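Per-entry structural report
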Amino acid sequence: MEQYAIKGGNPLVGEVEIGGAKNAALAILAAALMTDETVLIDNVPDVSDINAILSAMQDLGAIVTRLGRHTVKINASQIHTLVADGEELKKIRASYYLLGALTAKYKEARVVLPGGCNIGSRAIDQHIKGFKALGVDVRIEHGLICNKAEHLKGSHIYLDVVTVGATINTMLAAAMADGQTTIENAAKEPHVVDVANFLNSMGANIKGAGTDVIRIRGVEKLHKTEYTIIPDQIEAGTYMFAAAVTKGDVTVKNVIPKHLESISAKLMEIGCEVEESDDAVRVVASKRLTHTQVKTLPYPGFPTDMQPQITVALGLAEGTSTVTESIFENRFKYVDELTKMGASIKVEGNTAIIDGVSRYTGAPLVAPDLRAGAALVMAGLAAEEYTVIDNIQFIERGYEDFHLKLQGLGAKIDRVTSEKELQKFKLKVG
Ligand code: EPU
């Protein structure tokens, strides 16, 4: 029974160090399988999704050595199976990157269909389209995606929707295909660029990542590298919004401010002060937030992974706001939980209409998925009295030391595993 116990009502103040980007790391770790030489990767976040992919890589025969909490050494010269179907792997979305990486190197792989947060139907047709265009025979059999090719041949691929996953997977496979591949309508997220930079550091030839046309000239072999993963834009954004909802003053450190522009812009629009320096952003919220409109969009638009966090903030803002989710069709499941805290939010189709209330009140809540779970924690930190959040394993998929980092900012929060610990927490915080 792991839960977060929270006593809300005090502003978050201080500095918080942001870790490596989970969604970049998941792809980069899988891509480390594409060489027989040893790869050293730094700034790997210690979260459960990362541990799931690393253990799946070990099951395939990769030698994974942790040189510290955030540094991993991988050698994939002894891969002994091309089937990845472990129980842990079934729960994560990024299992599909193993497919791209193994197909690139071995022209064959069988990987369990991806799981991940239940936020919509989450099709994989564009991944399949990319693989097929490169000459792969793709079949779905017994719950596995089965890829097999005689050889991979560069191609021209137009993605029908902007998708991070299919852009990266096509890039992985094309990196070792014969000839040139062009991916049009590619996703431009910072982690797409990070994966391309990682592959290039191993000897790949990828140009244009970060724009909507990526050109890849396939190479026969990749070699060893040492690489540091970029900071996590969404972890940073979550603490920035935590400052906003608690009327706090928080500096997120070790970030790339450019990656946070859409988040900073919305915070300023709703009445926060945002100060940027080279690798830090400070958010100060000294007055009541004001209403706004927001629509989630592919990068550089406002990220879908920040949608629940901004909704929690606007739930406390003066006036009526709207939040439109344009990436995933089922990402408002947490709204019922917020309603228990006194929020006034109506969801119509893919838009939440929010009438700001002046306060939230603590309540027992259930985290429905990773980002919504983090947003409910933020709501608890802003609320009067106690909030207890269940299903925190979702939150731990993507936030390292969430409660400890929040404690460092003065939050009254603890991770409890029994009723007794919960009572102890209540006695401690008063
Ligand atoms: N889509 C298709 N066909 C495909 C692939 C995607 O129609 O073959 C659609 C999706 O249904 C969705 C849109 O395209 O409507 C975007 O999907 P995308 O491929 O970009 O998302 P994803 O790979 O499933 C990753 C992250 C998500 C993040 C999204 C958007 C990982 C492991 N997951 O998911 O992260 O929300 O990109 O940025 O990288 C999270 O970290 O909490 C999380 C959910």
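Structure first, text after, so check above.
In short, a report on the structure. Predicted, not measured: the structure shown is a model, and the values here were computed from it.

Parameters and conventions
- Residues numbered from 1 in each chain as written.
- Predicted model: local features only at pLDDT ≥ 70, side-chain atom pairs only at ≥ 80, totals over all residues.
- Heavy atoms only, no water.
- Buried < 20%, exposed > 50% of the residue type's maximum accessible area, 1.4 Å probe, protein only.
- Helix = DSSP H or I, 4+ residues; strand = E, 2+ residues; numbered from the N terminus.
- Pairing = 2+ DSSP bridges.
- Salt bridge = Lys/Arg side-chain N within 4 Å of Asp/Glu carboxyl O.
- Near = heavy atom within 4 Å.
- Polar contact = N/O pair within 3.5 Å; in protein donor to acceptor, adjacent residues only side chain to side chain.
- Nonpolar A, V, L, I, M, F, W, Y, C, P; charged D, E, K, R; others polar.
- Axes fitted to C-alpha atoms, helices over the stretch in contact; angles between N-to-C directions.
- Parallel < 35°, antiparallel > 145°, perpendicular 65-115°, else oblique.
- Left-handed = near helix turned anticlockwise from the far one by under 90°.
- Contact = heavy atoms within 4.5 Å.

**Considering the pairing of strand β3 (residues 39-42)**
Strand residues, when the strand is regular, have side chains that alternate between the two faces of the sheet. The side-chain alternation of β3 yields one buried face, formed by V39 and I41, and one unburied face, formed by L40 and D42. Note that β3 and strand β5 (residues 71-75) share three bridges and pair antiparallel. Bridge assignment links L40 to a residue of β5, and that residue is K73. Summarising the sheet, β3 and strand β14 (residues 225-228) pair through four bridges and their orientation is parallel. Of the residues in β14, the one forming a bridge with D42 is T228.

**A closer look at the pattern of salt bridges**
All chains considered together, the criterion is met by 23 salt bridges. Of the charged contacts in the structure, one is a salt bridge between K105 and D36, with a shortest N-O distance of 2.9 Å. Placement of K105 in helix α4 (residues 96-106) and of D36 in the loop between α1 (22-31) and β3 is noted, with a sequence separation of 69 residues between them. One salt-bridge network, held together by shared partners, links D46, R69, E400 and D401.

**What to know about the site of the ligand**
Every one of the 24 residues lining the ligand counts as a neighbour, but Y96, D125, Q126, D305 and I327 are closest to it. Contacts to the ligand include R93, whose side-chain N or O atom sits 3.2 Å from an oxygen atom. Where the shell around the ligand is concerned, the elements lending two or more residues are α1, α5 (125-133), α6 (164-174) and α12 (370-382). Grouping the constituent residues of the shell around the ligand by class yields 11 nonpolar, six polar and seven charged.

**Focus on unusual backbone geometry**
Residue Y299 is joined to P300 through a cis peptide bond whose omega torsion reads 10°. By the element assignment, P300 lies in the loop between β18 (293-295) and α10 (307-314). Residues other than glycine seldom take positive phi values, yet H142 does so here, at roughly 50°. For H142, a relative accessible area of 81% gives the class exposed. In this structure, N185 is a non-glycine residue whose phi angle is positive, near 60°. Looking at the element boundaries, N185 is found in the loop between β11 (180-184) and α7 (190-201).

**With respect to the packing of α4 against α6**
Packing of α4 against α6 leaves a shortest axis separation of 7 Å and a crossing angle of 15°. Taken as axis vectors, α4 and α6 run roughly parallel relative to one another. Relative to α6, α4 is oriented so that their crossing is right-handed. Across from Y96, Y97, L99, G100, A101 and A104 in α4, the residues of α6 making contact are V164, G165, I168, N169, L172 and A173. Across the contact of α4 with α6, the residue classes tally to nine nonpolar, three polar and no charged.

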